[in-house]
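# Per-entry structural report
The lines below spell out each chain.
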Amino acid sequence: MIGFLARRVLTLLFTLFAASVVVFTVLEVLPGDPALLMLGTEAREDTLAALRSQMGLDKPAPVRYLDWAGGALTGDFGTSYTYKMPVAKLVGDRLAVTAPLALLALLLSTALAIPLGMLAAVKHNRVGDWGVMGFSQLGLAVPSFWVGIMLIWTFALQLRWFGAGGFPGWSAGWGLALQALVLPAVALALTEAAILARIVRSAMLETMREDYVRTARAKGLSRGQVLRRHVLRNALIPVATIIGMQFGFLMAGAVVVENVFTLPGLGRLAFQAIAQRDLIVVKDVVVLLAAIVVTVNFLVDVVYAVIDPRPKQAG
């Protein structure tokens, strides 16, 4: 177990290092002037020189990378050129929206996908299975932003059950804040539920063919008891890893949905920073999102190793 964890930690650190180098290289080292890109071609030379000095562009690239990486490790992500405030505070404020949104979407997708996957497995090659697979294909084919627009049109404009967008802030009360996250969470959850339902179905079908399941049936257990005690419990082991990975994907992939619902989340911050050419914010947010995905995958590996010893033995 110790060797397994050591290898995973080394992989995590190397991936984070590689991601930071790639992002830094693309934004600051490749041909082009980051200061000119941020200020535009109409900027005065003295203004460009001041920004280059502020960004440390007069230093060698390795020194700039070490300064940036060292600051990030201590919580100093620099100051946003557009917002004139520390990037760390910007990111912290936006994470307070994106993290609950991703968690709510994950809960909704899991609550929907597991029963549907079980139904498809139990009704294999019958109407229930075909219906679930049809939902899955539709969920994979329809983009989340279109689902979000349809949800706004139906539940905000026609039924007026929810607001069309925006976020009142957690200070306005948990009820109002969560209500503002329901529709975007549903828009994100449907695609993830479509993926997860297929995985639950496949895992259950594979588990139902195992010898110990046939043995349990031969001992006189009912079909429902076998499904609950043996099939579902063992089939959910690989499903649990996918659920964990989906949380990382939801954190990093909510950009479009946050813009559809005008939520002040991390994805919208990245989108605005790109539009405003605030490269300092873009660089920090992209690396942070990569770090979230990599860290979640690492935690998923650890949890899987705890509940199923085979990966530890395989390395």
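Residues numbered from 1 in each chain as written. Predicted model: local features only at pLDDT ≥ 70, side-chain atom pairs only at ≥ 80, totals over all residues. Heavy atoms only, no water.

Named according to an unreviewed UniProt entry, the protein chain is Peptide ABC transporter originating from Inquilinus limosus. As recorded by UniProt, the Subcellular location (unreviewed entry) comment attached to the protein chain reads in full: "Cell membrane". You can read under Sequence similarities (unreviewed entry) in the UniProt record for the protein chain the words "Belongs to the binding-protein-dependent transport system permease family." (UniProt positions renumbered as here; feature names shortened; annotations may be inferred.)

### Quick notes on the packing of helix H9 (residues 211-218) against helix H10 (residues 223-252)
Packing of H9 against H10 brings their axes to within 10 Å, and their N-to-C directions diverge by 160°. It follows that H9 is roughly antiparallel to H10 by the angle criterion. Seen from above, H9 lies across H10 with right-handed handedness. The residues of H10 that touch H9, namely those facing Tyr212, Val213, Ala216 and Arg217, are Arg223, Val226, His230, Val231 and Asn234. (Axes fitted to C-alpha atoms, helices over the stretch in contact; angles between N-to-C directions. Helix = DSSP H or I, 4+ residues; strand = E, 2+ residues; numbered from the N terminus. Parallel < 35°, antiparallel > 145°, perpendicular 65-115°, else oblique. Left-handed = near helix turned anticlockwise from the far one by under 90°. Contact = heavy atoms within 4.5 Å.)

### Comments concerning the packing of aromatic side chains
In this structure the tally under the stated criterion is 7 aromatic pairs. Seen in terms of ring centroids, Tyr65 and Trp68 are 6.0 Å apart; in terms of plane orientation they differ by 65°. Their pairing is edge-to-face. Highlighted residues: Tyr65 and Trp68, both in helix H4 (residues 61-73), separated by 3 residues, approximately one helical turn. Note on accessibility: Tyr65 and Trp68 belong to one class, buried. Note on Trp170 and Trp174: the rings are 4.9 Å apart at their centroids and 50° apart in plane angle, and the pair reads as tilted. (Phe/Tyr/Trp six-rings, centres within 6.5 Å; stacked < 30°, edge-to-face > 60°. Buried < 20%, exposed > 50% of the residue type's maximum accessible area, 1.4 Å probe, protein only.)

### Observations concerning the UniProt feature "transmembrane region" (unreviewed entry) in the protein chain
UniProt marks residues 12-30, 101-122, 134-156, 176-200, 235-257 and 285-307 with the feature "transmembrane region" (unreviewed entry), using the numbering shown here. Along residues 134-156, the helical share is 91% and the strand share 0%, with 27 Å between the first and last C-alpha atoms. End C-alpha to end C-alpha, residues 235-257 measures 31 Å, and it is 91% helix and 0% strand.

### Side note on a positive patch on the surface
The grouping of Lys123, Arg126, Arg217 and Arg223 at the surface amounts to a positive patch. Locating Arg217 in the fold gives a position in helix H9. Judged by its relative accessible area of 42%, Arg217 is partly exposed. (Patch = residues over 30% accessible without salt bridge, like charges linked within 9 Å, V, L, I, M, F, W, Y side chains within 5 Å. Areas by Shrake-Rupley, 256 points an atom, 1.4 Å probe, with all protein chains shown as cover. Salt bridge = Lys/Arg side-chain N within 4 Å of Asp/Glu carboxyl O. Lys, Arg positive; Asp, Glu negative; His and termini not counted. Charge placed at Lys NZ, Arg CZ, Asp CG, Glu CD.)

### A closer look at the side chain of Arg94
Within the fold, Arg94 resides in helix H5 (residues 87-122). Of the side chains with opposite charge, Asp93 lies nearest to the buried Arg94, which makes no salt bridge, at 6.4 Å. When sequence neighbours within four positions are dropped, the list of residues in contact with Arg94 reads Tyr83, Pro264, Gly265, Leu266, Arg268, Leu269 and Gln272.

### Some words on the domain arrangement of the protein chain
Domain parsing of the protein chain yields domain 1 (1-86) and domain 2 (88-307). For domain 1 versus domain 2, the separation of C-alpha centres amounts to 31 Å. Between domain 1 and domain 2, the residue contacts involve 30 residues of the former and 26 residues of the latter. Interface area, domain 1 with domain 2, both sides summed: about 2500 Å², of which 73% is carbon and sulfur. Counting the surface domain 1 buries against domain 2, the share from its top three residues, Met38, Phe77 and Tyr83, is 21%. Scanning the region where domain 1 abuts domain 2 turns up 6 residue pairs in polar contact (both at pLDDT 80 or more). Every element with two or more residues in the side of domain 1 that touches domain 2 is listed here: helix H1 (2-29) and helix H2 (34-39). (Domains from an automatic or database assignment. Buried area = accessible area lost by both parts, 1.4 Å probe. Polar contact = N/O pair within 3.5 Å; in protein donor to acceptor, adjacent residues only side chain to side chain.)

### Some words on the nonpolar core
Membership of the largest hydrophobic core comes to 49 residues, with the highest contact counts inside it found for Leu101, Phe167, Leu188, Met204, Phe261 and Leu263. Listing elements by their share of this core, those giving two or more residues are H5, helix H6 (127-141), helix H7 (144-158), helix H8 (174-208), H9, H10 and helix H13 (279-307). Considering each element in turn, this core owes the most residues, 15 residues, to H8. Counting residues in hydrophobic clusters, the runner-up holds 20 residues, among them Met38, Val87, Leu90 and Leu266. (Core = buried A, V, L, I, M, F, W, Y, C linked by side-chain atoms within 4.5 Å.)

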